[in-house]
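Secondary and tertiary structure notes
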Amino acid sequence: MAGTTSLPAGARAGGSKPNLYEVIRDQLIGEIESGRYPSGALLPSVRELTAKMAISTTTARKALAEVVAAGYARPEGTRGHVSTGSRAQHTAEDARQPTEDAAGDRPAGLIIRPSVTIASDGFAGSETDRTTIDVRSEPAPAEVAIALDLNDATSPVVVRRRLTTDEHGTPVELRASYLDHDFAQGTALAEPEPITGSWVDALASADGKSLGAAQRHVSARHPTDTESAMLGLRPTACVLVRTETTQDQSGRPIDHTVTVWPAESTRLNLGSE
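Described below are features of the structure shown in this document. Bear in mind the structure is a predicted one, so any value in this text is a computation, not a measurement.

A few words now on helix H3 (residues 57-69). In a regular helix each residue adds 1.5 Å, so 13 residues correspond to 18 Å; H3 covers 18 Å between its end C-alpha atoms and thus fits that length. Counting buried positions along H3 gives ten out of 13 residues, so the element sits mostly inside the fold. Of the residues making up H3, those classed as buried are Thr59, Ala60, Lys62, Ala63, Leu64, Ala65, Glu66, Val67, Val68 and Ala69. Backbone geometry just downstream of H3 places Gly71 in the positive-phi region, at approximately 85°.

What follows is the structure, encoded as structure tokens:
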């Protein structure tokens, strides 16, 4: 995309020194790539990292969240973080799996695409401002299947996750957009590249026409395992959650976005938009 620069893991805008969590992230990814932590192996816990490397729990959680965002690990509740294997393992597993199901129009299994980190001097909340983007095809969670009115609750959806950090590298927002697979396939929405305009404009562009009504809901709850890992929060912390379901002109749901903020550091303005 013109005017956009993607930075590999560990790289910093202007060649500046990487943050400590980035160094630990790259070390863990390197150990996964080397085979020290093969697929299914348990990664060091937050407590183990803090004791071994003399770092804060915040830094340890941030490093593990970055490993998750890069597609090298997954959180498994109280067990901790489990390695998903090296890129070579991912490639081998993808080669063993069919790319489409019997119907010939939906992917089978999990498709992992590389994450891309975009760095800039400003912070306006868009996908070009300190945002890590991860795009996958996953089975639809029950609440997403209901929101998108899927006939088959096991149907995969395109999931676009965007983790935004502040100027200090602290996670401040996690957005997960669940898109109808047939709607998103072949569009920029399904690619791990930043979208420069608004999300609504991107949806309208993909749909080729103006959109219909959007349904919004704001609530507070504890974070899920994935949210806890990616935002660096305790499982007992409180998060503010906004869900938004967007429909096309015919009333068909095409997107269900869940935005999560740490409650301790976030104030929501619920005025008219």
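After that view, the rundown keeps rolling.
As a further point, take the pattern of salt bridges. Evaluation of the coordinates by the stated rule reveals eleven salt bridges. Residues Arg25 and Glu66 are paired through a salt bridge, measuring 2.6 Å at the closest nitrogen-oxygen approach. In this pair, Arg25 is assigned in helix H1 (residues 20-34) and Glu66 in helix H3, connecting sequence segments 41 residues apart. A residue is classified by how much of its surface remains accessible, and Arg25, at 6% relative accessible area, is buried.

Attention now moves to the packing of aromatic side chains. Scanning all chains against the criterion turns up zero aromatic pairs. In this structure, Arg162 packs its charged tip against the face of Trp199, placed 4.4 Å from the ring centre.

With that out of the way, let us pick up the side chain of His256. With respect to the helices and strands, His256 occurs in strand E10 (residues 253-262). The exposure class assigned to His256 is buried, which follows from its relative accessible area of 9%. One polar contact links His256 to Thr245, side chain to side chain, over a distance of 2.8 Å. Contact partners of His256, with chain neighbours within four places excluded, come to Val144, Ala147, Leu148, Ala176, Ser177, Tyr178, Thr243, Glu244 and Thr245.

The subject of this paragraph is the nonpolar core. Counting 39 residues, the largest nonpolar core has Leu43, Val67, Val157, Tyr178 and Met230 as the members making the most contacts within it. At the level of secondary structure, the elements contributing two or more residues to this core comprise H1, H3, helix H5 (142-147), strand E6 (156-165), strand E7 (171-180), helix H8 (225-231), strand E9 (239-247) and E10. Beyond its immediate stretch of four places on either side in the chain, Val67 contacts Arg25, Leu28, Ile29, Ile32, Leu43, Tyr72 and Ala73. Counting 15 residues, the second largest nonpolar core, distinct from the first, contains Leu179, Ala184, Ala190 and Ile254.

How each quantity is defined
- Residues numbered from 1 in each chain as written.
- Predicted model: local features only at pLDDT ≥ 70, side-chain atom pairs only at ≥ 80, totals over all residues.
- Heavy atoms only, no water.
- Helix = DSSP H or I, 4+ residues; strand = E, 2+ residues; numbered from the N terminus.
- Expected span 1.5 Å × (residues − 1).
- Buried < 20%, exposed > 50% of the residue type's maximum accessible area, 1.4 Å probe, protein only.
- Salt bridge = Lys/Arg side-chain N within 4 Å of Asp/Glu carboxyl O.
- Phe/Tyr/Trp six-rings, centres within 6.5 Å; stacked < 30°, edge-to-face > 60°.
- Lys NZ or Arg CZ within 6 Å of the ring centre and 35° of its normal.
- Polar contact = N/O pair within 3.5 Å; in protein donor to acceptor, adjacent residues only side chain to side chain.
- Contact = heavy atoms within 4.5 Å.
- Core = buried A, V, L, I, M, F, W, Y, C linked by side-chain atoms within 4.5 Å.

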